[in-house]
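Letter by letter, the chains look like this.
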Amino acid sequence: MKNIKNLLTISMVFTMVSISIDAANSYEINDASYNTISTKVNEMSYSQLVTSKSSLTQEKEDLENQRDNTQSPSQRKSIDERLKQVYTELSLIQRALVALVGVAAISAVTDDGYNDNIPPVITVLGENPVTVELGTAYSDAGATAMDAFHGATSVTVSGSVDTGTVGAYTITYLAADLDGNSATASRVVNVVDTTAPEVTLVGDNPVTHELGTEYTDAGATATDASGNVTATTTDEVDTSTVGSYTLNYTATDASGNEGSASRVVNVVDTTSPVFTSSATFIVDENVTTVGTVTATDLADTKFTIGETAGPATRGNRASSSLVITTAGLLSFDIAPDYDLQETDTVVKDEFGNKLTETYSGYETGATMDFTATVTVTDASGNTSTQDITVKVNDVGGYDDDVGTGTGTGTGTATTTLGQEEDEEGDSGTGTGTGTGTGTGTGTGTGTGTSTATST
């Protein structure tokens with residue numbers, strides 16, 4: 001009867017083992033590996049299960065130690081893949097042993113009993129390994145444990161994670177049942193820094209700066225979870241040239257993350273040119289060149305001139321006007337003639353002949369004056385104006401022009417006739433030559449009348 005009961009028990013055991021093993025693939029290994037492990041465990045006897053569990057437990061600890069002590073990503077990956085297979089096989093063996101021990105306990109009421117040497121099974125909750133960003137809070141997902149004879153078992157946790165320092169940290173979970181059997185599991189927490197420093201500009205952005213003045217940049221600051229970082233720039237502002245300049249600031253943390261910010265500096269010219277030449281020029285009459293008007297500015301300049309104001313001229317003679325080149329060369333379009341100023345006063349004799357005439361402003365030391373407004377403009381459109389006066393000196397004195405004219409003169413001639421003619425009382429007319437005076441020096445022809453007297 002007992003043998004029949006044992007046969008039934010063995011049959012139930014392997015039925016339960018098969019159902020338990022096929023229940024889940026919690027470590028997410030590929031289907032081919034999972035099926036291979038599942039088949040192997042299904043074919044093990046109780047003693048083979050115990051032996052295999054002991055061997056796999058030792059391998060698990062060795063692999064976990066290797067993983068914790070390596071920094072090679074490829075090696076860690078290889079170890080993690082093998083650990084998944086070991087965890088899977090241990091899980092399947094544990095379930096098979098639970099099924100076997102449970103059935104044995106039913107027959108132990110009339111048999112010799114059992115010895116509990118099977119440790120609890122620990123399940124790590126959440127991701128493993130887990131990645132946490134530097135400077136953020138970390139909350140561990142924990143782990144649970146189940147014992148074959150005592151059910152749910154408490155788990156104690158050891159280890160800590162410093163989220164303020166980049167590195168790999170291990171959290172260890174320990175579960176012990178009432179019979180002193182214990183099991184451990186671990187989770188790796190990788191604290192990483194993938195966040196770039198935050199760069200903050202100090203001062204205005206954009207900045208407007210006057211051409212030709214010294215520029216001092218306000219700089220920038222940077223903050224990062226890894227600690228102190230510095231924002232720097234290698235860009236410069238050319239304050240001698242109008243334009244827009246960009247200053248790029250960068251800051252790099254210990255993990256190689258780079259943060260950046262930029263400032264625009266606009267160099268502008270709002271300053272008008274300043275005249276450096278005199279507002280008065282003095283030249284002699286009968287010349288066109290006057291002189292050069294100059295002005296200072298940080299940019300290129302050009303000159304223009306307004307309408308000329310000056311004395312009127314006599315007759316049909318056109319008035320002289322001032323002209324200027326863009327470079328500032330000042331001149332007359334027509335050479336001014338001091339003696340051609342409009343007449344103010346004319347003095348005549350009793351017969352209506354002009355004796356003298358006075359020109360406008362013609363006094364000892366007086367000049368013939370011309371005025372105009374000169375404008376200078378720089379490349380940015382800033383302007384300045386200056387009223388220019390050109391004083392023209394008289395050269396050679398009053399009425400220094402030389403010309404030719406015609407005048408009329410009168411004269412008296414006396415002719416002495418012979419004796420023969422005298423008796424007849426004849427008279428005759430003669431012609432004389434005289435000199436007339438006009439404006440300038442001229443030559444004239446005069447007509448005279450002669451009277452004959454007989455003796």
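Residues numbered from 1 in each chain as written. Predicted model: local features only at pLDDT ≥ 70, side-chain atom pairs only at ≥ 80, totals over all residues. Heavy atoms only, no water.

Student: Which residues make up the sheet that holds strand 3 (residues 143–147), and what are the values?
Tutor: On the basis of which strands lie adjacent, the open sheet formed by three strands has the order 1-3-4 and antiparallel pairing. Edge strands, defined here as strands with exactly one partner in the open sheet, are strand 1 (121–124) and strand 4 (151–153). Taken over all neighbouring pairs, the strand axes of this sheet differ in orientation by 30° on average, direction set aside. Where strand 1 lies against strand 3, four bridges are found, and the strand directions are antiparallel. What sits directly across from Val 124, in strand 3, is Ala 143. (Pairing = 2+ DSSP bridges. Helix = DSSP H or I, 4+ residues; strand = E, 2+ residues; numbered from the N terminus. Axes fitted to C-alpha atoms, helices over the stretch in contact; angles between N-to-C directions.)

Student: Got a sec to walk through the environment of Ala 176? Specific residues and values, please.
Tutor: Locating Ala 176 in the fold gives a position in strand 6 (residues 167–176). Judged by its relative accessible area of 42%, Ala 176 falls in the partly exposed class. Along the sequence, Ala 176 and Ile 122 sit 54 residues apart, while their C-alpha atoms lie 10.0 Å from each other. Leaving out residues up to four positions away in the same chain, Ala 176 has contacts with Pro 120, Thr 153, Ser 154, Asn 181 and Ser 182. (Buried < 20%, exposed > 50% of the residue type's maximum accessible area, 1.4 Å probe, protein only. Contact = heavy atoms within 4.5 Å.)

Student: Before we move on, could you go through the sheet that holds strand 11 (residues 227–228) and cite the residues and values that matter?
Tutor: Read from one edge to the other, the open sheet built from three strands follows the order 8-10-11, with strand pairing classed as antiparallel. Two strands bound the open sheet, and with one partner strand each, they are strand 8 (198–201) and strand 11. Across two bridges, the pairing between strand 10 (residues 220–224) and strand 11 is antiparallel. Bridge pairing in strand 11 places Thr 223 opposite Asn 228.

Student: So what about the environment of Thr 136? Which residues, and what values?
Tutor: Its place among the elements puts Thr 136 in the loop between strand 2 (130–133) and strand 3. Owing to a relative accessible area of 33%, Thr 136 belongs among the partly exposed residues under this scheme. Only 2.6 Å separates the side chain of Thr 136 from the backbone oxygen of Glu 133, close enough to count as a polar contact. (Polar contact = N/O pair within 3.5 Å; in protein donor to acceptor, adjacent residues only side chain to side chain.)

Student: Give a description of the nonpolar core that names residues and reports values.
Tutor: It is characteristic of soluble globular proteins that their nonpolar side chains tend to be buried jointly. Core analysis: the biggest nonpolar cluster contains 20 residues, and Val 290, Val 293, Phe 303, Leu 322, Leu 330, Phe 332 and Val 390 have the highest contact counts within it. Contributing elements (two or more residues each) for this core: strand 15 (280–284), strand 19 (322–324), strand 20 (329–332), strand 23 (368–378) and strand 24 (383–393). With five residues, strand 23 is the single largest residue contributor to this core. Among all residues touching Val 390, those that are not within four sequence positions of it are Phe 281, Val 283, Val 290, Leu 322, Leu 330, Phe 332, Met 368, Asp 369 and Phe 370. (Core = buried A, V, L, I, M, F, W, Y, C linked by side-chain atoms within 4.5 Å.)

Student: Could you give an account of the packing of aromatic side chains, with specific residues and numbers?
Tutor: Within the structure shown, the criterion is met by two aromatic pairs. Where Phe 275 meets Phe 303, the ring centres are 6.4 Å apart and the plane angle is 55°; that geometry is what we call tilted. Separated by 28 residues along the polypeptide, Phe 275 in strand 14 (residues 274–275) and Phe 303 in strand 18 (residues 301–305) bring together distant segments of the chain. Accessibility expressed as a relative area gives 5% for Phe 303, which makes it buried. Note on Phe 332 and Phe 370: the rings are 4.9 Å apart at their centroids and 70° apart in plane angle, and the pair reads as edge-to-face. With a gap of 38 residues between them, Phe 332 in strand 20 and Phe 370 in strand 23 connect regions that are remote in the sequence. Pair check on accessibility: Phe 332 and Phe 370 agree, each one buried. (Phe/Tyr/Trp six-rings, centres within 6.5 Å; stacked < 30°, edge-to-face > 60°.)

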